[in-house]
Amino acid sequence: MGPFRDDFDGDRLDPAVWDPHYLPHWGTRAGTAARVDLGDGRLRLSVPVDHPLWCPDQHRTPLRVSGIASGAHSGPVGSTLGGQPFLDGQRVREQQPRLEGWLPSRGEVAVRCRMDISPRSMAAAWLSGFEETPEQSGEICLVEVFGKDVQPGRSAQVGMGIKKLADPHLVHDFAAPRVTIDVADWHEYAVRWDDEEAVFSVDGEHVRRCRHPPTYPLQVMIAVFDFPAWSRGDDDELVPAYEVDWVTGAD
């Protein structure tokens, strides 16, 4: 795939690399737009209190999300050609322009980031199959942290591994070991993979190893999620945020 690095030094995302929408083909671009702020060489994704629900008439549980992806495409309106469907036989509602921004298939991807999340929110960075065919849908998850699994200032369950989804050739191998880090501080999460295995690390320390990861083109996705149904009644003013210092890739 060649070397890649984004330090988010500009005042906007590079439109040749990133699409600031979360699976817009299942909804609309207007309804899936991320809240993106760039400054001081960092990307900040957040979910303000007035952020719209994502696909509210289709997604079973209320969800709000701000995310970016390094690839995008879909079939025409009414077709089933689109990545990461969450309903059986789901149909494209708004056809998307094709973006092949950065689609690694093997090598190493790393992200330096911090999270401001509560028990009703989650932040993640993952590599998802570009899905030229529905079978090429597997995922390699670098980091997935639910606020409910965080011991503030002490540790967190850090999800990482392979998600099979609709790929019949993959074995689902995903786990969330507890790691002694404060996710509100800056940390580096990385994966190196080839045909044989994927090796996951946090701050350069080995955490997990999975066999036979996907090696077809994968789009890099970074997002922060809010789950209003998980509210405790006193947290509706909280704004989950995910800050990224840089993202890198190498062969």
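Residues numbered from 1 in each chain as written. Predicted model: local features only at pLDDT ≥ 70, side-chain atom pairs only at ≥ 80, totals over all residues. Heavy atoms only, no water.

1. Notes on the sheet that holds strand β9 (residues 139–146)
- Strand order in this open sheet of six strands is β4-β18-β8-β9-β12-β13, and the pairing throughout is antiparallel. With partners counted over all chains shown, the strands left at the sheet margins are β4 (64–69) and β13 (173–175), one partner each. The mean inter-strand angle of the sheet, taken between neighbouring strand axes irrespective of direction, is 15 degrees.
- One ladder, built from nine bridges, connects strand β8 (residues 121–129) with strand β18 (residues 218–226); its direction is antiparallel. Paired with Trp126 across the bridge in β18 is Met221. (Pairing = 2+ DSSP bridges. Helix = DSSP H or I, 4+ residues; strand = E, 2+ residues; numbered from the N terminus. Axes fitted to C-alpha atoms, helices over the stretch in contact; angles between N-to-C directions.)

2. Some thoughts on the side chain of Glu139
- Its location among the elements puts Glu139 in strand β9.
- Here Glu139 is in contact with Gln84, Trp126, Leu127, Ser128, Gly161, Ile162, Lys163 and Leu165, once residues within four sequence places are set aside. (Contact = heavy atoms within 4.5 Å.)

3. What about the pairing of strand β7 (residues 107–116)?
- Across the ten residues that make up β7, a large majority, seven, are buried.
- Bridge count for β7 against strand β15 (residues 187–193) is seven bridges, and the pairing is antiparallel. Following the sheet pairing, Val109 is matched in β15 by Val191.
- Where β7 and strand β19 (residues 241–250) come together, nine bridges link them in antiparallel fashion. (Buried < 20%, exposed > 50% of the residue type's maximum accessible area, 1.4 Å probe, protein only.)

4. Digging into the pattern of salt bridges
- Throughout the structure, instances matching the rule amount to 21 salt bridges.
- For Asp173, the salt bridge goes to Arg208, with nearest N and O atoms at 2.7 Å. Here Asp173 is found in strand β13, whereas its partner Arg208 is found in strand β17 (residues 205–211), with 35 residues between them in sequence.
- Its salt-bridge partner being Arg211, residue Glu196 comes within 3.6 Å of it at the nearest N-O pair. Residue Glu196 is found in the loop between β15 and β16 (197–202), and its partner Arg211 is found in strand β17; the two are separated by 15 residues along the sequence.
- Arg211 sits in the partly exposed class, given a relative accessible area of 48%.
- If you follow the salt bridges from partner to partner, you end up with Arg64, Arg120, Asp226, Arg232, Asp234, Asp235 and Asp236 in one network. (Salt bridge = Lys/Arg side-chain N within 4 Å of Asp/Glu carboxyl O.)

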